[in-house]
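Chain by chain, the residues:
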Amino acid sequence: MAPVAEQKPPRKITDYRSENRPTWCPGCGDFGVLSALYKCFAQRGLDPKEIVIVSGIGCSGRLPEFVNAYGLHGVHGRALPIAQGIKLANPELTVVVVGGDGDGFAIGGGHVPHAVRRNVDITYIVMDNEIYGLTKGQPSPTTQAGMTAVSKSPSMPKMAPYGVLETPLNMMGMVLTYGASFAARGFSGKPNDLVEIYHKALDHRGFSFVQALSPCVTFYDTYENWKSIVKPMPETYDPTDRAAALQLAMTEDRFHLGIWHQGERATYEDLVGGVREQVKEETQPHLQQLFKMFM
Amino acid sequence: MAPVAEQKPPRKITDYRSENRPTWCPGCGDFGVLSALYKCFAQRGLDPKEIVIVSGIGCSGRLPEFVNAYGLHGVHGRALPIAQGIKLANPELTVVVVGGDGDGFAIGGGHVPHAVRRNVDITYIVMDNEIYGLTKGQPSPTTQAGMTAVSKSPSMPKMAPYGVLETPLNMMGMVLTYGASFAARGFSGKPNDLVEIYHKALDHRGFSFVQALSPCVTFYDTYENWKSIVKPMPETYDPTDRAAALQLAMTEDRFHLGIWHQGERATYEDLVGGVREQVKEETQPHLQQLFKMFM
Amino acid sequence: MAHFDLTIRLAGENGEGLLTVGDQLAVTMSRMGLQVYTFQNLPAEIKGGASMAQLRVSDTPVLSPGDKIDILEVWNQENYEIHISDVSEDTILLYDPNETTPDERAPRRSYPIPLDKIAREEIQAIRSKNVVAWSIFLALLGVEKETAVLQFHKSRWSKRKESLEANLKAIDAGYAYGEKLVEESGISMRLPVDPHAEHDPQMILTGNTAIGMGSLAAGLQFYAGYPITPASDIMEFFAKQLPRFGGVIVQTEDEIAALAAVIGASFAGRKSMTATSGPGLSLMVEEMGLASMEEIPLVIVDAMRGGPSTGMPTKPEQGDLELAVYGRHGEAPRIVMAPTDVADCFYTTIQAFNLAEKYQSPVLLLSDQHLSHRSETVPPFDLERVPKVERLLPPLPEASENGHGADGNGASPNGASGNGEKASAKEEAHAYERYAFTESGISPMAIPGVHNHPYVATGLEHNEHAHIDYSPRMHVLMTHKRYQKINGVLDEPAELLVKEFGPQDAELGVIVWGSTQGPLLEAMQRLEAKGHKVQALIPRMLSPLPAKQIQAFLDRVQQVVVVELNYTGQLARMLQAEFCRPVLRFNKYMGMPFTAGEIEEYLESILVSS
Amino acid sequence: MAHFDLTIRLAGENGEGLLTVGDQLAVTMSRMGLQVYTFQNLPAEIKGGASMAQLRVSDTPVLSPGDKIDILEVWNQENYEIHISDVSEDTILLYDPNETTPDERAPRRSYPIPLDKIAREEIQAIRSKNVVAWSIFLALLGVEKETAVLQFHKSRWSKRKESLEANLKAIDAGYAYGEKLVEESGISMRLPVDPHAEHDPQMILTGNTAIGMGSLAAGLQFYAGYPITPASDIMEFFAKQLPRFGGVIVQTEDEIAALAAVIGASFAGRKSMTATSGPGLSLMVEEMGLASMEEIPLVIVDAMRGGPSTGMPTKPEQGDLELAVYGRHGEAPRIVMAPTDVADCFYTTIQAFNLAEKYQSPVLLLSDQHLSHRSETVPPFDLERVPKVERLLPPLPEASENGHGADGNGASPNGASGNGEKASAKEEAHAYERYAFTESGISPMAIPGVHNHPYVATGLEHNEHAHIDYSPRMHVLMTHKRYQKINGVLDEPAELLVKEFGPQDAELGVIVWGSTQGPLLEAMQRLEAKGHKVQALIPRMLSPLPAKQIQAFLDRVQQVVVVELNYTGQLARMLQAEFCRPVLRFNKYMGMPFTAGEIEEYLESILVSS
Ligand SMILES: Cc1ncc(C[n+]2csc(CCOP(=O)(O)OP(=O)(O)O)c2C)c(N)n1
Ligand SMILES: Cc1ncc(C[n+]2csc(CCOP(=O)(O)OP(=O)(O)O)c2C)c(N)n1
Ligand code: SF4
Ligand code: SF4
Ligand SMILES: [Mg+2]
Ligand SMILES: [Mg+2]
C-alpha cells in the first residue's frame, strides 16, 4: 500500500471496470461491494497495474474478474496465503483479498489466524451472505442455527431439512481474538460507508479485516432484515480498545457497522526488511563465501 | 461419555498401560499429561474397550500408543474431525483427542472452530509446549515472538535466526470466542490438578477443550519458568461467565490453571438423535418407499 | 409399432426455468411408460449464460444423449446462434418470435411460439411460462389433455398451491396453442403410448440419486461431505434420507475434514462414505493414504468434472483416473471402480461398499458430471441382486454378540469389566493382531466398544499388533500384505470386474470406461446394422486392473481402441503399462459427453482402413 | 599409492551424540583431501532407539554407502545385536566393554574401547565422549596428533569454549588409547594423505544443503514451507541464508499455505519454491493443479521418505514418482526431475528453476531421505556451468525498464498515470493476452507493478485474455497449449534430459533414477572388472519422459532392467506405458538405500543366465 502521504490524483471509476460484466444474480449484494471498491480505488487514484485482487472460489470469488487490475482467482479457501506471498514478493503492491464466508471461514478458516498474526499489509474483505452461494445454497459457517435460516431460504431445506445443527461462528470476535490490528464491518446496502471503510483499511499498515454484509438474494435473502437492523458503532465507542471491541462483538445484537478496531503492530514486511540485506544483484561472491563454510 | 450417574468401580492404573513404553525424552512434559490420563481413567473405571484416543502427528501424538485403549494415530492436524466421526458413529464411546500446539493450531487450526460449534461430545487435550517437538524445534503458533524463544532454545536459532516474526496465538481466547462449552487449562507439572480437570472435561456433555502446558525439555525448556508463574484461577472467578473468561484470557499474564469456562449447549449427537428414526434393521421397506417417489 | 426415437432440445437463458421444463417432460414421459435419457449443458454461474436441456425419448432403452435433434426450442437469439448449426433439415425449430429472429439457417419447419407473451398476457403469470412450454410439447406429441392434467397433478408444480389456478390456465393455453400448431403445420409425432394401458413400473432418476440409493441399500450409516458441483446433490439426498435410515450426516468445514470423519466413523464400525469432485479429491490424497495404511473400509465418490484446477465445474471429463489410482505418496494400494449408467450407479455402489468392507480398503467410485446429473428411466432396483457384505470381525465373547456397545459396560464373561480378571483381559487384548498376516491379507478388524481388543491404528509402519515398527523386514512384510490383499479383488466374479459386449470373434476391440459405455453400445448397434463386427470390454474395476479378463480380450482382437473423455488417454496408458500392448486412442476433451455418432464414425474409419 | 577404500560404521543409542562423531570424522577427512560419503540410519523418535552413522572414505570418488564394513564400532549391546550379522571376518570390531559382551559372532579382530569410562574417569566430562571417539579413530587411521588438534580447532566442537579444555584432554586420551591399540593389535590402516600437502579445495555437504545452494544460485527470492522430515533442513538453511540474498522466507501454518504463498510470490514476479516430503506433497495436489492451469513458475522439492502415510519418516524410498507425475485431477501437465547425488542436487536445482521460469510451470524435484541427509565430498560448485534463465516477459514501455514497481506511480510514457489518456492505457491493458497462443505454447507473463497489463489469472478454463471461457473449442485449444508447452522440454539439450553410462554395445541395459545412480555405477565398475558389459540410462527428466533418448537406448539393448527403491516399480510402469516394451524390475523396499553389491549380484545373475 502506498503510504497516505503520497496522495495521487483521483481517477475515473470506469478506469477500474474490466471488460467482463458481473455474472451475479440481479440484486446480489456483491454488486455493492464491488462498486464501493471501484469508487475507493478511483478516489485514491491507484494505478491498476499496482493493484492485485486475490480470491478463492464462490460467487464472491468472481469479483477480481470484474476489476481492471491484476488478479488471482485461485482455489477454494487459499486466497489469504496466496495474497501474503504476493505482498511479501513485492511490498509496493496494493493487495486486496475478497471472498465468501465459506471460502474464508470453512475451508479457509485455518489460514485466518495466521494471516492475522503475521500481519502482512493486505486488506481482506469477506463478503458474508451467511450461505454458500455458488454451490446453490448450503449452510455456511455463519448461517444461523436451527430452523431460522431454513425457513427463509429456498435451498436450505435440501441440505438442512431438519434444521442447521451447528451454532454460527462470530467472524468479528474471531479476528479480534487472533489479534487483528484492523477490523471493520460494512454493508453492501450502504456502499458509501463501505468506501470509507475501504479507505481506512487500505490506509492501515498491517492486516486489515473487513466484514462486508452482502446478501444472497437468490438463496437466502437477508437484505430487508439486515437493512432494518444495521446501525453505526455506539457513540462513545473507542476503536483503539481491543477488549471493548471483543466484548461488543461477542454480545451485539447484530450489526454495528464501522471501524471496530485499529491498533499498531509491526508488519511482517517491516520485520523481514529489518533483517534483510539488499544484495540481490551480486549473489556470486556471497555464494562463494557460503561454499567456503563447507570446505 | 458415560453419564456421571452410571458410576463404575475404579480400576488399576496398570490396566491402562500398554505394552509400548513411552518414547519421549526423559523429563518431557508429556509424561505428566499421560500419567494423569491413566489415573483419571482408572478412577472412572472406564472399560479400555470403550475408550478411543485420537491423535495427529507430533511427539504428543504418540500418546495413544502408550495407553491400553482403542486409538487412532492419524495424519498431522486431522485428529478433531476423525474423533468427531468416531463419536457420531458410536456415541457410547469415550473419545479423547490429544495432540500438539502445531498439530492443533497450525495445520489443524481450521478444524477447531468447527469442532467447537458442532459441539460433539469429545474431549480435546492440547499438549502445548510452544514448539514443534518431533521435527526438532521450529517455532509453533504459540511460540513467543521476537528473540525471547530463540534465546532460550537450542534449536530455534536454526529456524528463526533473526527472531520469531509472528505474534503468538492465544488458544484459550480462541476456543472461548468460537463458543466452547467447556474450556480449561492444566500443567503437566501438576498432574493431580490435571486429573481433576480431565474428570470435569469428561463429565461435561459437549466439546471440552483442555490446554495442557507440557514443556519440551529438549528443544525449549519452559519447565522452571512455567512452574514459577502458574497460579489458580482468581478467587472470585465465575466459570459460567464466558465474557469474563474471554476478558481474562486476552489480558492475563500467563497462566491461570483450572476451569475457565463451562456452559450448556445441545450436542450434535443430541440434535441428530432428535431427527433420526431408528430403522437400522429394516431398510428394505424404506428403500422400496423411496423408489416409489421416483416412479 | 415402429421404433420410436425422439430427441428434443430446449435452450435458453440459465435460471429462466427451462431445466424444469426438461425435467418435467422427462418425468411425464417416464410415467407414461416411455424410456427417457436427459442431458443438460449448463454454465457454472447461478444465473445468466446459455443453458440447455436435451431429452431423448424412445420405446426401447436409450443409451446416449442423442446426436440427431428432432425438435429444437430456443428461448432467445443467443441460444438460436449457439444451436442452429446442430439442426438437420428435418429438425423442427420452435422459437419465441419476440426474442428470436430466425434466418436462412433455420430449417424448413420453423414455428414461432410466443411463450413469454402467452404467459404474460393470456395467463398473466410469468412463473407459469414453464407449464405453458411443457403443455405445448405434450400437445405436439399427441398426448391427450386429460392425461396432461393428470400428470400435472402428480408433478412438483402442483405443490405450489398459490399458482395452481394459473398453471391450469397455462395447460389450457398451451394445449390451445399446441393443437393449433399441429393443425396448421401438419406436424404429427404421436407418442407410441396408450395413456390408459398399464405398463411396467419404472423409475426416473439421476446417477447421483442412484448412488445415494445404492449406498442406503449397502448399509451406509455415516456420511460426511463438503458441497461441490457436481457431487453436492448426493449429500443433499442424504441430508434428508440418511437420518431416516438411522444414519448420521455431517456437512464438514472442508473435504479434508469430511474424509477424516469418514475414517473415524468407519474405524468405529460404521459403513461410511463421502462424495466429491476433482478439487476435493485432490485434497483427500493424504488421508486416502492413511486409510490404505490403517486398512480402513470406506467409499469415496468422485463425480468428475472438467479440469485441471477449478476447470469447468458443470462439464464432464474423465480426467481423474490417474489421481484415483496413483494419487498417493508411498506405495498405497486401493480399489477404483467406475459405474457406467444410472442403473449401474446403484449396483456398483453396493459393490463398492462390499469391497471396501471385505478388503478393508478405500474404494473410489468414479462417476462424471454427465452421469451424475442426467436422468434415465430404469426398472425398479432389485434389492436381492447384490447381497450386502460385512467386514471380517474377530470372534465375540459369547454373551455379547448384540452389536455396537450394546453389551453395556463390557460385562462380558471373560472379565472385561470387573476388577478381578483384569490381567487376563489385558493379555487377551494384547494378543490381538489387528494386522495379522493371513493368506488373503485380510485380518479381522476389532471394533471399539464391541471387541475387547483395544489397539492403536497408526499411519506409521507397524507390525501385526499395530505397534510401530520400521524394521526392514516388517516394511517388506506389510507392503506385501497390503498389495496381496487388494489383489484378491481379481479373484472376484468376472462380472464384477468387467463387462463384455459384441461377438467374440470380432477383430476390432474397443475398451471404454464409465459413462462412455452408452454411446459405445449405441455405436456398436449401428455398426452391426451396417454389417461391422466390433467387440467391447468395459472394466468396471480400474484398480487393480482385471489382468486375466483384459489379457484374454487383448488376445482375441487384432486391434484395440481405447475411447476416453480426456486428453492424454489415462486408461490407455494404464493398459499399456500393464500389458505392453500398443493401443489406439480416441479422445474427446470438450466438456461434452461422447455421442454415439462420433464413436461410430471413428470405429468405422478404422474398420474400413484395416 | 594403492586404492584406498574404508567403510566405518558407528552404532549406538539415538541422541547419544554418535551422529556428531560420524559427521566430524567425515568433515575431518574431507578437509584432509579424501573423498567421503556418509550414511545415517535413524529412528523417527527424538531420543532413544538404535541409530547408526556410516562413513566411507577413499582416495577416489565414492559412489555408495559401502557394503563391506571395515570397522564397526558399537556403543551398546542392542547395537551389537543389530549389526553383528553385517560383519565379515576381516571387519575390525570396536566395542564398549562396559556396555557390550561380544560372543562367538564377533570377528577375529575385536577390541574393547571403554569410551564412557574414559570420558567419565579420565576426562571427567561425559560430553567429551564424542571427541574421545573421534580421536581414537584418527589415531587408528594414522593421522598425526597435531593434525587432529588442528582439525579440532576448525570444528564445531571448538566453538563450545567452556568445554575446550576437556576436549583437548579428550584428544590426548583418545590418541593415547588409539596408539596403544595400534601397537598391541598390529592394526595399520594409514590414511593415504600427507597432512602437509596442498590438495584441491573441496566441500562436504548434504543433498539438502546442495539444493539450498542451487536455489540461491538460481536466483531464489521467496521460500515458504512447513517443517517435515527429511526436508526441514532445507528451510532451516534458507532461514539463515535467504535474507542475506535479499529474499523472504516464511514458515507457514501448513503445506497448503506454503504452496499458496509460493504461487502468489511467483505471480508477483519472484523465483519461488517450497520443499516437503510425501505427506506434504499429498496436501499440495490441488494447488499444483492451479499452478499448471494458471501457468505459474515454481519449484517443489519432495524429499521422499518411506510410505505410505506417515510411514517411515527417517528412511528413504522412491515411492512418490507417480504422485509427482499423475497427482492431479484433470489433465494438468508438469515437469518432474530427480537429482542423482549431492553435486547433482546443486546443478539440477538450478535447472529446475530455469525450466520452471522458461516453461511457466511447476517443477518437482524428487530427492530422497538418503540423498537429503547424506554428506558427500564435492568439488566447489561451478557457478558458470548452468546459466540462469529468466521467464518471458512482455516488452516494457521504454522509460520504465527498471524492475519491480520501481517506475513509481505508473508514470510511463503511454499515459498509465495521468487522467488524460486513460482510455488508451486501458485498451492496451485489455489487448494483452496472458495466455497467447504461440508456437512454443509459452506466452509472455506480465508482472504486477511492472507491466501495464492487468489480467486475472484463474483456475477456471479461460481464453487467451485469461477470461473465463468453457466453450468446447477453448478447452481443446488450451489443453493443447498446456501440453505442447511442457513437451517443449524434450527439445532441451540431451544432457539435461538423461545421463548415459557404459559401452553402447552392451546387451544389458539398466535404467535407474535419482539416488540409485551411485550404487549402480559402482556395481557397473565391478562388473566391468569381471568382464561384463552393461550400459545404463538415467532419466534426469521424469516427466515428460525423454522419449527420443529412451527409445534409442531401448533399441540398443537386448534386455532392460529397471532398478528402483519402491515396491511396484513406478518408473518401470511409466516406461512400459510409454514404450510398450516389457522391462525386468529389481525393487528394494526396506527403508534402506541400495548397496552396490545388491545391484551387482542381481545384474550378474541376469548376465549369466542370458
Ligand atoms: C476444494 C473445493 N471444494 C468445494 C468447492 C465448491 N465450492 C465452490 S464455491 C463454494 C462455497 C461458496 O460459498 P462462499 O465461500 O460463502 O461464497 P459465495 O458463493 O457465498 O459468495 C464451494 C463449496 C470447490 N470449488 N473447491
Ligand atoms: C502433512 C505433514 N506435514 C508435516 C509433518 C511433520 N510434522 C510432524 S509433527 C510436526 C509438528 C510437531 O509439533 P506439535 O504438533 O506441536 O507436536 P509436538 O511434537 O510439539 O508434541 C510436524 C510439522 C507431517 N507429519 N505431516
Ligand atoms: S447465488 Fe446469491 S451470492 Fe451468488 S450471485 Fe446469486 S445472489 Fe449473489
Ligand atoms: S522433543 Fe520435546 S516434546 Fe518431544 S519428546 Fe523430547 S522433550 Fe518431549
Ligand atoms: Mg457465502
Ligand atoms: Mg508442540
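As a starting point, this report considers the structure included with it. (Residues numbered from 1 in each chain as written. Chains lettered and ligands numbered in written order. Predicted model: local features only at pLDDT ≥ 70, side-chain atom pairs only at ≥ 80, totals over all residues. Heavy atoms only, no water.)

Considerations on the overall build of chain C
Part 1 of the argument: Looking only at helices and strands, chain C has 21 helices and 21 strands in total.
Part 2 of the argument: Over its C-alpha trace chain C gives a radius of gyration of 27 Å, about what one expects of a compact globule, namely 25 Å for 610 residues.
Part 3 of the argument: Projecting the C-alpha coordinates of chain C onto the three principal axes gives extents of approximately 90 × 65 × 45 Å.
Part 4 of the argument: The proportion of buried residues among the 610 residues of chain C is 70%.
Part 5 of the argument: Of the roughly 19,000 Å² of accessible surface on chain C, a fraction of 50% belongs to carbon and sulfur atoms.
Part 6 of the argument: Treating the 52 positive side-chain charges of chain C as one cloud and the 80 negative ones as another, the clouds have centres 2 Å apart. (Helix = DSSP H or I, 4+ residues; strand = E, 2+ residues; numbered from the N terminus. Rg over C-alpha atoms; globule rule 2.2 N^0.38 Å. Buried < 20%, exposed > 50% of the residue type's maximum accessible area, 1.4 Å probe, protein only. Areas by Shrake-Rupley, 256 points an atom, 1.4 Å probe, with all protein chains shown as cover. Lys, Arg positive; Asp, Glu negative; His and termini not counted. Charge placed at Lys NZ, Arg CZ, Asp CG, Glu CD.)

Some details on the packing of aromatic side chains
All names here are of chain B.
Part 1 of the argument: In total, this model carries 56 aromatic pairs over all chains according to the counting rule given.
Part 2 of the argument: Centroid distance Tyr124 to Phe209: 6.0 Å. Interplanar angle 65°. Geometry classified as edge-to-face. Taken together, the residues span a long stretch of sequence, with Tyr124 in strand S4 (residues 123-128) and Phe209 in strand S6 (residues 208-213) at a distance of 85 residues. The pair Tyr124 / Phe209 is uniform in exposure class, with both members buried. (Phe/Tyr/Trp six-rings, centres within 6.5 Å; stacked < 30°, edge-to-face > 60°.)

A word on the site of ligand 2
Part 1 of the argument: Around ligand 2, 23 residues are found, and the nearest of them are Cys59(B), Ser60(B), Asp101(B), Asp103(B) and Glu255(D).
Part 2 of the argument: Near ligand 2, the surrounding residues belong to chains B, C and D.
Part 3 of the argument: With respect to ligand 2, the backbone of Gly102(B) contributes an N or O atom lying 2.9 Å from an oxygen atom.
Part 4 of the argument: Within the contact set of ligand 2, a nitrogen atom lies 2.5 Å away from a side-chain nitrogen or oxygen of Glu255(D). (Near = heavy atom within 4 Å. Polar contact = N/O pair within 3.5 Å; in protein donor to acceptor, adjacent residues only side chain to side chain.)

Observations regarding the pattern of salt bridges
Two side chains of opposite charge can pair, provided their charged atoms sit close to one another.
Part 1 of the argument: Throughout the structure, instances matching the rule amount to 75 salt bridges over all chains.
Part 2 of the argument: A salt bridge links Glu253(D) to Arg118(A), with the nearest nitrogen and oxygen atoms 2.8 Å apart. Of this pair, Glu253(D) sits in the loop between strand S9 (248-251) and helix H9 (255-267) while Arg118(A) sits in helix H4 (residues 112-118), which puts the two residues in different chains. For the pair Glu253(D) and Arg118(A), one class covers both residues: buried.
Part 3 of the argument: Here Arg120(D) ties to Asp116(D) by a salt bridge, and the two come within 3.0 Å at their closest N and O atoms. Within this pair, Arg120(D) and its partner Asp116(D) are both found in helix H3 (residues 115-123), separated by four residues, close to a single helical turn.
Part 4 of the argument: Residue Asp116(D) is classed as buried on the basis of its relative accessible area, which comes to 12%.
Part 5 of the argument: Residues joined in a network through salt bridges with shared partners are Asp5(C), Arg56(C), Asp67(C), Glu522(C), Arg526(C), Lys530(C), Glu600(C) and Glu604(C). (Salt bridge = Lys/Arg side-chain N within 4 Å of Asp/Glu carboxyl O.)

As for the interface of chain C and chain B
Part 1 of the argument: Taken together, the contact pairs 78 residues of chain C with 58 residues of chain B.
Part 2 of the argument: Between chain C and chain B, the buried area comes to about 5,600 Å², and carbon and sulfur atoms account for 59% of it.
Part 3 of the argument: For the pair chain C and chain B, the number of links is one salt bridge.
Part 4 of the argument: Linking chain C with chain B are 18 residue pairs in polar contact (both at pLDDT 80 or more), by the criterion used here.
Part 5 of the argument: At the level of elements, strand S7 (203-206), helix H7 (207-218), helix H8 (232-241), strand S9 (248-251), helix H9 (255-267), helix H11 (285-294), helix H15 (422-431) and strand S15 (456-458) of chain C are the ones that each hand at least two residues to the side of chain C that touches chain B. (Contact = heavy atoms within 4.5 Å. Buried area = accessible area lost by both parts, 1.4 Å probe.)

Brief notes about the interface of chain D and chain B
Part 1 of the argument: Counting from both sides, the interface comprises 23 residues of chain D and, opposite them, 27 residues of chain B.
Part 2 of the argument: Between chain D and chain B the total buried area reaches about 1,900 Å² when both faces are included, carbon and sulfur atoms providing 58% of it.
Part 3 of the argument: The partner of Arg62(B) in a salt bridge is Glu45(D), and the shortest N-O contact between them spans 2.7 Å.
Part 4 of the argument: The tally of links from chain D across to chain B stands at seven residue pairs in polar contact (both at pLDDT 80 or more).
Part 5 of the argument: Of all the elements in the fold, those that place two or more residues in the side of chain D that touches chain B are helix H8 (232-241) and S9 of chain D.
Part 6 of the argument: Examining the composition of the side of chain D that touches chain B, we find that five residues originate from one element, H8(D), more than from any other.
Part 7 of the argument: Residue composition of the side of chain D that touches chain B, by class: ten nonpolar, five polar and eight charged. (Nonpolar A, V, L, I, M, F, W, Y, C, P; charged D, E, K, R; others polar.)

Here's the deal with the coordination of the magnesium ion (ligand 6)
Residues and elements named next belong to chain B.
Part 1 of the argument: Surrounding the magnesium ion (ligand 6) are the protein donor atoms Asp101 (OD), Asn129 (OD1) and Ile131 (O), which sit 2.1 Å from the metal.
Part 2 of the argument: Positions of the donor residues of the magnesium ion (ligand 6) along the chain correspond to the pattern D-x27-N-x1-I.
Part 3 of the argument: Looking at Ile131, the relative accessible area reads 1%, which means it is buried. (Donors = N, O, S within 2.8 Å, 3.2 Å for Na, K, Ca; no water.)

What to know about the sheet that holds S6(B)
The strands that make up a sheet pair up through hydrogen bonds in the backbone, lying either parallel or antiparallel.
Part 1 of the argument: Strand order in the open sheet formed by nine strands is S7(B)-S8(B)-S5(B)-S6(B)-S4(B)-S3(B)-S1(B)-S2(B)-S15(C), and the pairing between neighbours is mixed. The open sheet terminates on both sides in strands that have one partner only, identified here as strand S7 (231-232) of chain B together with S15 of chain C.
Part 2 of the argument: Note: strand S5 (residues 182-187) of chain B against strand S8 (residues 256-262) of chain B, four bridges, orientation antiparallel. Along S8(B), the bridge assignment pairs Ala184(B) with Ile259(B).
Part 3 of the argument: Its contacts with the sheet put H9(C) on strand S1 (51-55) and strand S2 (70-73) of chain B together with S15 of chain C, and the angle it makes with S2(B) is roughly 155°. (Pairing = 2+ DSSP bridges. Axes fitted to C-alpha atoms, helices over the stretch in contact; angles between N-to-C directions.)

A look at helix H13 (residues 342-359) of chain C
All names here are of chain C.
Part 1 of the argument: With 18 residues, H13 ought to run about 26 Å at 1.5 Å a step, and its terminal C-alpha atoms sit 25 Å apart, in line with that.
Part 2 of the argument: Of all 18 residues in H13, 16 are buried, a share of seventy percent or more.
Part 3 of the argument: Immediately beyond the C-terminal end of H13, within one or two residues, lies Gln360, with a positive phi of roughly 45°. (Expected span 1.5 Å × (residues − 1).)

Remarks on the packing of helix H12 (residues 283-293) of chain A against helix H7 (residues 207-218) of chain D
Part 1 of the argument: Close contact between H12(A) and H7(D) brings their axes to 10 Å; oriented N to C, the two are set at 170°. Compared by their axis directions, H12(A) and H7(D) come out roughly antiparallel. Of H7(D), the residues touching H12(A) (which contributes Leu287(A), Leu290(A) and Phe291(A)) are Met213(D), Leu216(D) and Ala217(D).
Part 2 of the argument: Counted by class, the contact of H12(A) with H7(D) contains six nonpolar, no polar and no charged residues. (Parallel < 35°, antiparallel > 145°, perpendicular 65-115°, else oblique.)

Here we look at the coordination of the magnesium ion (ligand 5)
All names here are of chain A.
Part 1 of the argument: Surrounding the magnesium ion (ligand 5) are the protein donor atoms Asp101 (OD), Asn129 (OD1) and Ile131 (O), at 2.0 to 2.2 Å.
Part 2 of the argument: For the magnesium ion (ligand 5), the donor residues sit on a single chain with the sequence spacing D-x27-N-x1-I. Highlighted residues: Asp101 in helix H3 (residues 101-107) and Ile131 in the loop between strand S4 (123-128) and helix H5 (148-152), separated in sequence by 30 residues.

Points about the sheet that holds strand S16 (residues 498-501) of chain D
Residue and element names in this part refer to chain D.
Part 1 of the argument: Spatially, S16-S18-S17-S20-S21 is the arrangement adopted by the five strands of the open sheet, whose pairing is mixed. Single-partner strands in this sheet number two, and they are S16 and strand S21 (584-587). For this sheet, the mean inter-axis angle between neighbouring strands, taken without regard to orientation, is 20°.
Part 2 of the argument: In this structure, strand S20 (residues 559-564) lies alongside S21, joined through four bridges in parallel fashion. Among the inter-strand pairings, Glu564 is bridged to a residue of S21, identified as Asn587.
Part 3 of the argument: Against the sheet, helix H20 (residues 570-579) touches strand S17 (508-512), strand S18 (534-539), S20 and S21, its axis set at about 140° to S20.

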